[in-house]
Amino acid sequence: MSPVAELVRTQVDLGGLMRVLANNMYSTPEVVVRELVQNAHDSCTRRRLEDTSAPEARILVVPDAAAGTLSIVDNGAGLTREEIDRYLATVGAGYTGRLRAAGADAGLIGQFGIGFLSAYVVSTRVDLYTTSFQTPQEGWHFSSAGGERYTVAPHAAHEVGTRVVLHLSERFRPLCDAPTLEALLQRYCCLLPMAIHVSSPERPAINRPPPPWRETEAHSPLRRRSLERAFAARFEQRFEPLCTLPVSPGNGGSASGLLWLHDGSTYGTSDNRNLSVFVRGMLVSRDARELLPEWAGFVGGVLEADALTPTASREDVQRDAAFDVTAEQVRECLIDGLSRLAREDDTTWRRLLQRHNEALLGAALCDERLFTLLADALKVPTTEGDLTLPAVHRRSGGRLHASTGESGGPEEVLCRALGVPVVDSGRYAALPFTRRWAERKGLPVLQLGTREGNAALFPRVQLEPAQEERLRALFAEDGVELVPSRFSPPALPLVLVPDREAELKARLEADAADKRIGAAVLSLARGFTATIASRAQARLYLNVDAPTLRTLLAAPEDRARSAARLLSGLCTLLSHRDERAGAPSVASALEGISAALCALLPPSA
Ligand SMILES: Nc1ncnc2c1ncn2[C@@H]1O[C@H](COP(=O)(O)OP(=O)(O)OP(=O)(O)O)[C@@H](O)[C@H]1O
């Protein structure tokens, strides 16, 4: 018979647990202000639910620099003697959580029963004076240093509600500096619907006016925009807001809020997304950037999203299904907002394109609607400067040209000579954006430097065999394939274009490459270059439309030979790039040119 397992109750080291919860739960002890204001808020909400004679809710935060205390006073439900033990002094339990579990919502915020512990992080002692609406003739004084033990003593009954007094430890004295405190409350509690006053109820509430999306007053569009801008400026630390775009419930999501576009230039890969998320009026995260699309590096915002679930520390939200729905909603609102901007506010739209052109190239590739919106408006970098694709198309004779990424090849020089813009493929998103645009228009994109690209740029023409033979006799050179062709401008008789793949093969086969590249990579690369069998190092495209070439073909043998040498030499000089393996050397080109000139000029008398 196997021995019976013993069932043992797990022990809790309360002191250790309290220390971990109090000291390691939050990334900054400043959140204590949020936690205690939230308790005051929930207590007022509870009273509104349970006490038919509840007065208007009031929350007052009083810093006392001389005494080194911070008090949070509410006229909420208060606590009975028994509730102090059951809820306030029991870690992990709270009346608020119970109310929410019983179905009461009404904007209650607390749920975990641990927030009060944050008070011990910043205080040497915490005093709480309370009178419950259930026992208005009783008053209780709870007191604890550190939270592990506490005392409760009767106290003179006062107005129903609670006053929490934090005796701040030396390090946290700045919390009782009124401006510091107001700034903290502004940050954490500015969306809380109940008015919060600092120092005196006579002073204006710190959380007024309400956020623009909760404005009930009808404003002119201009006034509304200026209210939204002012609100955005309070949250955006780094950039001026260029314009604002509202987030409204829809597309399955229930969040409300405001997005804004930064008025500072971005590169394609800059990620300056920032999004503050409020749940039930309390700031939960100042950087929930994942709720914004990845391409929105130039967007900031504030979101009020009660469907999101805060983590226990309330410094972030859970990545759950509601999170995905909210992200989708935000994306839709952003795209709708951008479309509206394009339609209704030309000046701002142009400014947006100017500021974030590169980032928008990437954005357009991520969303079809954005692509449609931006296709003709964004600029791509080309050899003729930054141009929109319709402008590139107009100047390119019905097709688009793109570089290989490394600039300066002879094909590119040819395009420059023709004034044809070549899209710089090496720049962020330029090539995929151009391809997508061309695909939509059913246009080809010729990528210079590839075999297909060059075949289209220099179409091969069939010549009489005799003519072809003549050209060969004049221009043939080892490793250079001759291609009779027809291209513009006619003033250009020939172009020497290296074969990039053959170049790669030569480079990999060079001894120097072996030393730089790892063995495994080299053998993989060799596997590929083995397929580039005995390809010519370069192609010499001969322009049969060029008058020079026609004259050359008709010239007497010896003169034609000299002229051809001269032309080949010049052509080599024009196309020469030092790193190119197998290309005729500059020295031999120069030699050829001088020999040809000598032969062409009449001998001196
Ligand atoms: N100002 C207050 N007035 C009345 N009751 C309070 C007050 N502060 C705290 N309590 C009681 O103490 C309980 C525990 O508070 P605590 O802040 O630890 O957690 P919570 O607010 O319930 O949940 P959470 O940890 O999610 O904030 C509350 O649920 C409430 O019953």
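Residues numbered from 1 in each chain as written. Predicted model: local features only at pLDDT ≥ 70, side-chain atom pairs only at ≥ 80, totals over all residues.

- As recorded by an unreviewed UniProt entry, the protein carries the name Molecular chaperone HtpG and is attributed to Archangium gephyra.
- The Sequence similarities (unreviewed entry) comment attached to the protein in UniProt states, word for word, "Belongs to the heat shock protein 90 family." (UniProt positions renumbered as here; feature names shortened; annotations may be inferred.)

### With respect to the overall build of the protein
Next, step 1: A tally of helices and strands in the protein yields 21 helices and 20 strands.
Next, step 2: When each of the 605 residues of the protein is scored for burial, the buried share is 38%.
Next, step 3: Taking the intrachain contacts of the protein between residues at least 6 apart in sequence as the baseline, contacts between residues at least 24 apart amount to 68%. (Helix = DSSP H or I, 4+ residues; strand = E, 2+ residues; numbered from the N terminus. Buried ≥ 20, exposed ≤ 12 C-beta atoms within 10 Å, placed from the backbone. Contact = placed C-beta atoms within 7 Å.)

### Examining the pairing of strand β6 (residues 161-168)
Next, step 1: Burial analysis of β6 places 6 of its 8 residues in the buried class, which makes it a mostly covered element.
Next, step 2: Note: strand β2 (residues 69-74) against β6, 6 bridges, orientation antiparallel. Within β6, the position partnered with I72 by the bridge is V164.
Next, step 3: Note that strand β3 (residues 123-131) and β6 share 8 bridges and pair antiparallel. The partner of R125 across the bridge, within β6, is H167. (Pairing = 2+ DSSP bridges.)

### Concerning the packing of helix α2 (residues 31-50) against helix α6 (residues 178-189)
Next, step 1: It is the contact of α2 with α6, at a shortest axis distance of 9 Å, that shows an interaxial angle of 65°. Every pair of crossing elements has a handedness; the one defined by α2 and α6 is right-handed. Every residue of α6 that contacts α2 at V33, R34 and V37 is listed here: L184, L185, Y188 and C189.
Next, step 2: Across the contact of α2 with α6, the residue classes break down as 6 nonpolar, no polar and 1 charged. (Axes fitted to C-alpha atoms, helices over the stretch in contact; angles between N-to-C directions. Left-handed = near helix turned anticlockwise from the far one by under 90°. Nonpolar A, V, L, I, M, F, W, Y, C, P; charged D, E, K, R; others polar.)

### So, the site of the ligand
Next, step 1: Close to the ligand lie 23 residues; N39, G94, Y95, G110 and G115 are nearest.
Next, step 2: Listed by contribution, the elements that provide at least two residues to the shell around the ligand are α2, α3 (81-88) and α4 (95-101).
Next, step 3: Per-element accounting of the shell around the ligand gives the leading share, 5 residues, to α2.
Next, step 4: Its residues assigned to classes, the shell around the ligand comprises 9 nonpolar, 11 polar and 3 charged. (Near = placed C-beta within 6 Å.)

### Considerations on the domain arrangement of the protein
Next, step 1: Entries for the protein in the domain assignment read domain 1 (15-198), domain 2 (212-354), domain 3 (375-455) and domain 4 (458-499 + 536-600).
Next, step 2: Placing a centre on the C-alpha atoms of domain 2 and another on those of domain 4 gives a separation of 62 Å. (Domains from an automatic or database assignment.)

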